[in-house]
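# Structure at a glance
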Amino acid sequence: MAISFIDVHKQFGEKTVLTGITMSVERGEVLFVVGTSGVGKSVTIKHIIGLLTPTSGEIIVDGQNVEGLSEKQFLPIRRMVAMVFQASSLFDSLTVLQNVQLPLKKHKGLNDKKAGEVAMKLLREVGMDAHANTFPADIGDGMRKRVAIARALALDPSYILFDEPTTGLDPVSARRVDRLILSLARDRNVGCIVVSHDLQAIFGIADKIAMVYQGRIYREGTMEEFRNSSDPVLRQFLSGSSHGPMETPGF
Ligand SMILES: Nc1ncnc2c1ncn2[C@@H]1O[C@H](COP(=O)(O)OP(=O)(O)OP(=O)(O)O)[C@@H](O)[C@H]1O
Ligand SMILES: [Mg+2]
């Protein structure tokens, strides 16, 4: 069971953004999609849930080609693949608990009481149960991110797409989000695609890295393969922070 991109190209009018994205993530695995700003990382992952359609190439989700699916046919895929956007899109007028309850009531048809129980369990899983009755505006960014993850878990997804989940977070919150992503992969068998610039996160939890360069996947490989490569493009990427490849933080 996997999400696979096969030679995906994407043009917006005259503008060519993707020129050959081929990569895959299996359930239980953490794939990081990396590359410079504007290279097409967010565009790439938006194809999986049909927010964008490829100009050519294929995207296969658990054996199903998503090409040409109608909005209605996309619904089961959107249930299977959750997305956690960079700006966590929580409803400000609802409490933390109500935010997580919402998809349970709306899409799973649970009543208020049952949805409340399940939502509390999910909040416990992300370490946010103590804040169930606060409003999103009254907690920090890292906490909002964790609530957004709890909400994404409500429909029991097989895959979760994260767009820069640790950007803008303080280091403690960022590492906490990393550990949460890793536990979703390992304990829940969720396939995680993480778009990120955060080298600490990559060194800490990536099973595989796919590097987008000039619109295509320049290299897909394991952490080890990236670290041992002498390719100048990879080296430059890996040296992009004070944490060089040889001082991998332990996890
Ligand atoms: N709907 C759209 N119409 C036209 N161009 C778009 C559209 N969406 C994205 N682009 C363009 O595609 C390119 C890639 O954008 P994308 O958001 O995927 O970059 P990114 O790699 O996620 O960058 P960042 O790291 O800054 O988030 C950009 O030049 C952007 O302007
Ligand atoms: Mg982006």
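Please refer to the structure placed before this passage.
Since the structure is predicted, the reported quantities are computational estimates derived from the model, not experimental observations.

Turning our eyes to something else, we now look at the overall build of the chain. Regarding its fold elements, the chain presents 9 helices and 10 strands. The globule rule puts the C-alpha radius of gyration for 251 residues at 18 Å, and the 18 Å found for the chain is close to it. In terms of overall dimensions, the chain has a C-alpha envelope of 55 × 45 × 30 Å along the principal axes. Counting across all 251 residues of the chain, residues that qualify as buried make up 51%. Of the contacts formed within the chain by residues at least 6 apart in sequence, a portion of 66% connects residues at least 24 apart. Computed over 29 positive and 28 negative side-chain charges, the separation of the two mean positions in the chain equals 5 Å.

Counting 51 residues, the largest nonpolar core has Phe 32, Ile 149, Phe 162, Cys 192 and Ile 202 as its most contacted members. When residues no more than four places from it in sequence are discounted, the contact partners of Phe 32 are Val 194, Ser 196, Ala 201, Ile 202, Ile 205, Ala 206, Lys 208, Ile 209 and Ala 210.

Our focus in this paragraph is helix α4 (residues 112-125). Given 3.6 residues to a turn, an α-helix orients residues that are three or four positions apart in the same direction. The terminal C-alpha atoms of α4, which comprises 14 residues, lie 20 Å apart, in line with the 20 Å expected from a rise of 1.5 Å per residue. Turning to α4, its buried residues number three or more, namely Ala 115, Gly 116, Ala 119, Leu 122 and Leu 123. Each buried residue of α4 lies within a common arc of 130° when the element is viewed along its axis, so the set occupies one face. Exposed residues on α4 whose side chains face more than 90 degrees from its buried face are Lys 113, Lys 121 and Arg 124. On its buried face, α4 is in contact with α3 (96-106), α5 (141-153) and α6 (171-188). For α4, the N-terminal cap is Asn 111; the gap from its side-chain oxygen to the backbone nitrogen of Lys 113 is 3.1 Å. Where α4 terminates, the next one or two residues include Gly 127, which has phi positive at roughly 70°.

It is worth spelling out helix α2 (residues 71-80) at this point. All of the buried residues in α2 are Phe 74, Ile 77 and Met 80. Seen along its axis, α2 keeps its buried residues to an arc of 100°; they face one direction. Looking at α2, the residues exposed on the side facing more than 90 degrees away from the buried face are Glu 71 and Lys 72. Check the buried side of α2 and you find it contacts β4 (56-61), β5 (64-65), β6 (81-84) and β7 (159-163).

Our next topic: the pattern of salt bridges. In the structure shown here, the tally under the stated rule is 14 salt bridges. Ionic pairing is found between Asp 112 and Lys 105, a salt bridge with its closest N-O pair at 2.6 Å. Residues Lys 113 and Glu 117 are paired through a salt bridge, measuring 3.2 Å at the closest nitrogen-oxygen approach. You can see Lys 113 and its partner Glu 117 sitting in helix α4, 4 residues apart, about one turn around the helix. For Glu 117, a relative accessible area of 40% gives the class partly exposed. Through salt bridges with shared partners, a single ionic network connects Glu 29, Lys 208 and Glu 220.

Turning our eyes to something else, we now look at the environment of Leu 104. Mapping Leu 104 onto the fold places it in helix α3. A residue is classified by how much of its surface remains accessible, and Leu 104, at 0% relative accessible area, is buried. Each C-alpha atom of the pair Leu 104 and Gly 142 lies 23 Å from the other, and the pair is 38 residues apart in sequence. If sequence neighbours within four positions are ignored, Leu 104 has contacts with Gly 109, Leu 110, Ala 115, Val 118, Ala 119 and Ala 154.

Close to ligand 1 lie 13 residues, the nearest being Lys 15, Ser 37, Gly 38, Lys 41 and Val 43. A distance of 2.5 Å separates an oxygen atom of ligand 1 from a polar atom in the side chain of Ser 37. At a separation of 3.2 Å, an oxygen atom of ligand 1 approaches a polar side-chain atom of His 197. The fraction of the free accessible surface of ligand 1 (640 Å²) that becomes covered by protein chains is 62%. Within the residue set of the shell around ligand 1, elements represented by two or more residues are β2 (15-26) and α1 (41-46). Broken down by element, the residue count for the shell around ligand 1 peaks at 3 residues, all from α1. Of the residues that constitute the shell around ligand 1, the class distribution is 4 nonpolar, 6 polar and 3 charged.

What counts and how
- Residues numbered from 1 in each chain as written.
- Chains lettered and ligands numbered in written order.
- Predicted model: local features only at pLDDT ≥ 70, side-chain atom pairs only at ≥ 80, totals over all residues.
- Heavy atoms only, no water.
- Helix = DSSP H or I, 4+ residues; strand = E, 2+ residues; numbered from the N terminus.
- Rg over C-alpha atoms; globule rule 2.2 N^0.38 Å.
- Buried < 20%, exposed > 50% of the residue type's maximum accessible area, 1.4 Å probe, protein only.
- Contact = heavy atoms within 4.5 Å.
- Lys, Arg positive; Asp, Glu negative; His and termini not counted.
- Charge placed at Lys NZ, Arg CZ, Asp CG, Glu CD.
- Core = buried A, V, L, I, M, F, W, Y, C linked by side-chain atoms within 4.5 Å.
- Expected span 1.5 Å × (residues − 1).
- Arc of directions from axis to C-beta.
- Polar contact = N/O pair within 3.5 Å; in protein donor to acceptor, adjacent residues only side chain to side chain.
- Salt bridge = Lys/Arg side-chain N within 4 Å of Asp/Glu carboxyl O.
- Near = heavy atom within 4 Å.
- Areas by Shrake-Rupley, 256 points an atom, 1.4 Å probe, with all protein chains shown as cover.
- Nonpolar A, V, L, I, M, F, W, Y, C, P; charged D, E, K, R; others polar.

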